[in-house]
Amino acid sequence: MAEFWLISAPGDKTCQQTWDKLNTTTSFSTNLSTNNKFSIPDLKVGTLDVLVGLSDDLAKLDSFVESVVKKLAQYMSDVLEDSRDKVQENLLANGVDLVTYITRFQWDMAKYPIKQSLKNISDIISKQVTQIDGDLKGRASAYNSIKGNLQSLERKNAGSLLTRSLADIVKKEDFVLDSEYLVTVIVVVPKASYPDWHKTYETLSEMVVPRSSNLLFEDQDSGLFGVTLFRKAIDDFKLKARENKFMVRDFQYNEEEMKADKEELTRLSTDKKKQFGPLVRWLKVNFSEAFIAWIHIKALRVFTESVLRYGLPVNFQAMLLQPNKKNMKKLREVLHELYKHLDSSATIIDASIDIPGLNLSQQDYYPYVYYKIDCSLLDFK
């Protein structure tokens, strides 16, 4: 997935000349970046005070919406589980992949009418994405609860014979039931100890019913044996069995309980399947909405910042650069040379170098208006 630099520079005699100059310098001969015009409509400027305030508000809104976009993408990946490789094809904006959407960006007049003030448009976006964020929390909580309960039941039905549920393993006829004196106990015996078990189980304590040992189930490591004895000998039998490394499971056959466990497993499994389709559809729709909102915020920020920096009348060209990864540093230097006349106080500072005592804001400052759009937040390997 790509990283984009969304920049703007004042129109020379015309905005087309600004665009041509950038393209000639960074793209045609030097292959530093792939460039697209980024079209921003004629938005309402408002007063300088409003623009200054809005500049800060939009920075916060940008971070918030980006975090919601990330959450939606991440949750889509979690929900798809084994089909994670299909995440990218589900993360679309307006039905197209994200790179196509960004490089062909068109302002959505229906959602964000440009007759409204900039503040109103940013409020519409804020309200819309806050709603999506709230809905996501609710839906994720409901789905995760079902998924968690199901996983916990599935774990009970798998794993070692010492701990796993016996509901699918034992049957009614394996037990002596409703007897005042006799009881069937369940013993886990390591496979290597089968000969010892057969030799000794009748003598581990008094009152073991002869020849009552029955192999009910085995996995790779152990076997599950039922053996019948008198109730009053249980404690002694357990103790002697443990000394011989045979483990007596604390288990009483209860048909109702086992049936309830099976039904719960079926119910949770059905519920999860039932919710999966609608949840994925909801995530697709709302990821698209949030991503579109996010790119509109970038457009608002470029517009606001360009008016504050370059003044009125509105005359700037917004441009979207997709830097060639190997040449990012060189591209930054070329842009600096091209636009340093706009603001002599802006020097190239490499944010990756930590200069003690210098606290760089998250957004580095350049002589031209610059915002990064990083789609790698949606990159799932």
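Everything discussed here concerns the structure shown above.
Owing to the predicted nature of the structure, the values given are computational and were not obtained by experimental measurement. (Residues numbered from 1 in each chain as written. Predicted model: local features only at pLDDT ≥ 70, side-chain atom pairs only at ≥ 80, totals over all residues. Heavy atoms only, no water.)

Colleague: Just checking my understanding: could you explain the overall build of the chain for this structure?
Modeller: Summing up its helical and strand segments, the chain has nine helices and eight strands in all. Computed over C-alpha atoms, the radius of gyration of the chain comes to 34 Å, more than 25% over the 21 Å expected from 2.2 N^0.38 for 381 residues, which places it beyond the range of a compact globule. Along the three orthogonal principal directions, the C-alpha set of the chain runs to about 105 × 40 × 40 Å. Burial statistics for the chain: of 381 residues in total, 43% are counted as buried. The contacts in the chain between residues at least 6 apart in sequence include a share of 79% that link residues at least 24 apart. Counting every atom, the chain has about 20,900 Å² of accessible surface; 51% of that belongs to carbon and sulfur. Looking at charge distribution, the chain has the averaged site of its 51 positive side-chain charges lying 4 Å from that of its 52 negative ones. (Helix = DSSP H or I, 4+ residues; strand = E, 2+ residues; numbered from the N terminus. Rg over C-alpha atoms; globule rule 2.2 N^0.38 Å. Buried < 20%, exposed > 50% of the residue type's maximum accessible area, 1.4 Å probe, protein only. Contact = heavy atoms within 4.5 Å. Areas by Shrake-Rupley, 256 points an atom, 1.4 Å probe, with all protein chains shown as cover. Lys, Arg positive; Asp, Glu negative; His and termini not counted. Charge placed at Lys NZ, Arg CZ, Asp CG, Glu CD.)

Colleague: Teacher, can you tell me more about the nonpolar core here?
Modeller: Generally speaking, a soluble globular protein has its nonpolar side chains buried in company with each other. If you look at the biggest cluster of nonpolar residues, it comprises 61 residues, and the most contacted ones within it are I125 and F291. Put simply, the parts of the chain that give this core at least two residues each are β1 (3-10), α2 (48-80), α4 (98-103), α5 (118-156), α8 (255-310), β7 (316-323) and β8 (369-374). Per-element accounting of this core gives the leading share, 17 residues, to α8. What I125 contacts, discounting residues up to four positions off in sequence, is L61, V65, Y112, A293, H296, I297 and L300. Core analysis: the next-biggest nonpolar cluster, separate from the first, contains 18 residues, V227, L229, I234 and V248 among them. (Core = buried A, V, L, I, M, F, W, Y, C linked by side-chain atoms within 4.5 Å.)

Colleague: Where do I start with the environment of D78 in this structure?
Modeller: With respect to the element layout, D78 can be found in helix α2. When the C-alpha atoms of D78 and Q17 are compared, they prove to be 47 Å apart, with 61 residues separating the residues in sequence.

Colleague: Looking at this structure, how should I read the layout of surface pockets?
Modeller: A water-sized probe rolled over the atoms picks out the places where empty space is left. Quantified by volume, the second largest pocket comes out at close to 370 Å³. What lines the second largest pocket is a set of 19 residues, among which V183, T184, F251, Q252 and Y253 lie closest to the centre. The set of elements that each furnish at least two residues to the lining of the second largest pocket consists of β3 (182-190), α7 (234-243) and β6 (247-249). Considering every element that reaches the lining of the second largest pocket, the biggest residue donor is β3, with four residues. Tallied by class, residues from the lining of the second largest pocket come to 10 nonpolar, two polar and seven charged. (1 Å grid on protein atoms, 1.4 Å probe; cavity = no way out; pocket = protein on both sides within 12 Å on 5 of 7 lines; lining within 4 Å. Points joined across faces, edges and corners; volume = space filled by probe spheres on them. Nonpolar A, V, L, I, M, F, W, Y, C, P; charged D, E, K, R; others polar.)

Colleague: Is there a simple way to explain the sheet that holds β6 in this structure?
Modeller: To summarise the sheet geometry, strands pair through backbone hydrogen bonds and adopt either a parallel or an antiparallel arrangement. The four strands lie next to each other as β4-β5-β3-β6, forming an open sheet whose pairing is antiparallel. At either end of the open sheet lies a strand with only one pairing partner, and these are β4 (214-218) and β6. Neighbour-to-neighbour, the strand axes of this sheet turn through a mean angle of 35°, independent of strand direction. Where β4 and strand β5 (residues 222-230) come together, four bridges link them in antiparallel fashion. By the bridge assignment, E218 is partnered in β5 with G223. (Pairing = 2+ DSSP bridges. Axes fitted to C-alpha atoms, helices over the stretch in contact; angles between N-to-C directions.)

Colleague: Can you walk me through the packing of α2 against α5 in this structure?
Modeller: Each pair of packed helices gets described by two things: the angle between the helix axes and the distance between those axes. Packing of α2 against α5 leaves a shortest axis separation of 10 Å and a crossing angle of 25°. As the angle between them shows, α2 and α5 are arranged roughly parallel. Helix-helix and strand crossings are classified by hand; for α2 and α5 the assignment is left-handed. Considering only residue class, the contact of α2 with α5 consists of 17 nonpolar, four polar and seven charged. (Parallel < 35°, antiparallel > 145°, perpendicular 65-115°, else oblique. Left-handed = near helix turned anticlockwise from the far one by under 90°.)

Colleague: How do you make sense of the sheet that holds β1 when you look at a structure like this?
Modeller: Taken in spatial order, the four strands make up an open sheet running β2-β7-β1-β8, and their pairing is antiparallel. With partners counted over all chains shown, the strands left at the sheet margins are β2 (33-37) and β8, one partner each. The average undirected angle you get between the axes of adjacent strands in this sheet is 25°. Two elements, β2 and β7, share five bridges in a ladder whose sense is antiparallel. By the bridge assignment, T34 is partnered in β7 with Q322. Set on the sheet, α8 makes contact with β1, β7 and β8; between it and β8 the angle comes to about 170°. Packing against the sheet, helix α9 (residues 328-339) makes contact with β1, β2, β7 and β8, and its axis sits at approximately 10° to β1.

Colleague: Just checking my understanding: could you explain a nonpolar patch on the surface for this structure?
Modeller: Judged by side-chain polarity, Y181, M207 and F230 come together as a nonpolar surface patch covering roughly 300 Å² of accessible area. Position of Y181 relative to the elements: it lies in the loop between α5 and β3. (Patch = residues over 30% accessible without salt bridge, like charges linked within 9 Å, V, L, I, M, F, W, Y side chains within 5 Å. Salt bridge = Lys/Arg side-chain N within 4 Å of Asp/Glu carboxyl O.)

Colleague: Help me understand the pairing of β7 in this model?
Modeller: Looking down a regular strand, the side chains alternate between one sheet face and the other. With seven of eight residues buried, β7 lies mostly within the body of the structure. Here six bridges tie β1 to β7, and the two strands are oriented antiparallel to one another. Counterpart to L6 in the pairing with β7 is L320.

Colleague: Mind showing me how you'd approach α7 here?
Modeller: Three or four residues apart is the spacing at which side chains of an α-helix point the same way, because the helix has 3.6 residues per turn. Within α7 the residues assigned to the buried category are I234, F237 and A241. The buried side chains of α7 occupy one side of the element, clustering within an arc of 65° when seen end-on. Exposed positions of α7 whose direction lies more than 90 degrees from the buried face are D235 and E243. Those residues of α7 that are buried are in contact with β3, α6 (194-200), β5 and β6. Just downstream of α7 lies K245, where phi reads positive at about 65°. (Arc of directions from axis to C-beta.)

Colleague: I keep staring at the packing of aromatic side chains and nothing clicks. Help me out?
Modeller: The description of two aromatic rings rests on the distance between their centres and on the angle between their planes. Applying the stated rule across the entire model yields 17 aromatic pairs. Centre to centre, the rings of Y366 and Y368 are 5.5 Å apart; their planes meet at 10°, and the pair counts as stacked. Y368 sits in the buried class, given a relative accessible area of 1%. Aromatic ring contacts, followed pair by pair, group F38, Y101, F105, F287, F291 and W294 into a single cluster. Here the guanidinium or amino end of R332 rests over the ring plane of W5, the centre of that ring lying 3.8 Å away. The ring of Y370 carries the charged tip of R332 above its face, separated from the ring centre by 4.3 Å. (Phe/Tyr/Trp six-rings, centres within 6.5 Å; stacked < 30°, edge-to-face > 60°. Lys NZ or Arg CZ within 6 Å of the ring centre and 35° of its normal.)

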